[in-house]
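Take a look at the letters that make up each chain.
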Amino acid sequence: MAINSIKSSKPKMTSTDLISKLKNEKGVEFNIKSEKEAIDYISKVNNYLRTVSYRKNYRKNHQGKYINLDFAYLVELSVIDMYIRNIATQMCIDVEHDLKVSLLSDMENNPAEDGYSIVIDFLKSPKTNYILKSTGQPIPLQVHIIKKMFDGVLVSAEIKTPH
């Protein structure tokens, strides 16, 4: 689809335009939160798409308009989603921390592990290039730093760098 076709079918809309469309075309009500409050909300607090995405959880009538859907309900679902996302993020951070501490403890308490062999095994792994790429750092710089840290120990570890 050409860009001009997209522009004509989905023109840029202001917060006021978007709220008006929600009310007039989609049937969203503004009894709990006023239209002015809704405009302020999507222009200053949360974006339109994230907020109205929750409308899909509501039924529509035969005219395609939402039944008993107030904008305040969308805001509330958006806030609940934010709290869940924040809790899940914190849980992931806590789990990551605990795994790192556990890994370090296991390495420290394993007399067969010298701290170097595990790094060499990691660098020999087929997934190493993917992991190094996913950090967003240039791979040659990372390889240089790793090789410098191990000062020749990695002669047998092959790390491919992109061309």
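The coordinates are above.
Computed from a predicted structure; not experimentally measured.

Colleague: Describe the packing of aromatic side chains, naming the residues involved and giving the relevant values.
Modeller: With the rule as written, the count across this model stands at three aromatic pairs. Judged by centre distance (6.5 Å) and plane angle (15 degrees), the rings of Y58 and Y73 are stacked. In this pair, Y58 sits in the loop between α4 (48-52) and α5 (71-108) while Y73 sits in helix α5, placing the two residues 15 residues apart along the sequence. What makes Y73 partly exposed here is its relative accessible area of 35%.

Colleague: Give a description of the packing of helix α2 (residues 15-24) against helix α3 (residues 35-44) that names residues and reports values.
Modeller: Between α2 and α3, whose axes approach to 9 Å, the crossing angle comes to 125 degrees. When the axis of α2 is compared with that of α3, the two are oblique. Both α2 and α3 take part in a crossing whose hand is right-handed. The residues of α3 that touch α2, namely those facing S15, T16, L18, I19 and K23, are E35, A38, I39, I42 and S43. In terms of residue class, the contact of α2 with α3 is made up of five nonpolar, three polar and two charged.

How each quantity is defined
- Residues numbered from 1 in each chain as written.
- Predicted model: local features only at pLDDT ≥ 70, side-chain atom pairs only at ≥ 80, totals over all residues.
- Heavy atoms only, no water.
- Phe/Tyr/Trp six-rings, centres within 6.5 Å; stacked < 30°, edge-to-face > 60°.
- Helix = DSSP H or I, 4+ residues; strand = E, 2+ residues; numbered from the N terminus.
- Buried < 20%, exposed > 50% of the residue type's maximum accessible area, 1.4 Å probe, protein only.
- Axes fitted to C-alpha atoms, helices over the stretch in contact; angles between N-to-C directions.
- Parallel < 35°, antiparallel > 145°, perpendicular 65-115°, else oblique.
- Left-handed = near helix turned anticlockwise from the far one by under 90°.
- Contact = heavy atoms within 4.5 Å.
- Nonpolar A, V, L, I, M, F, W, Y, C, P; charged D, E, K, R; others polar.

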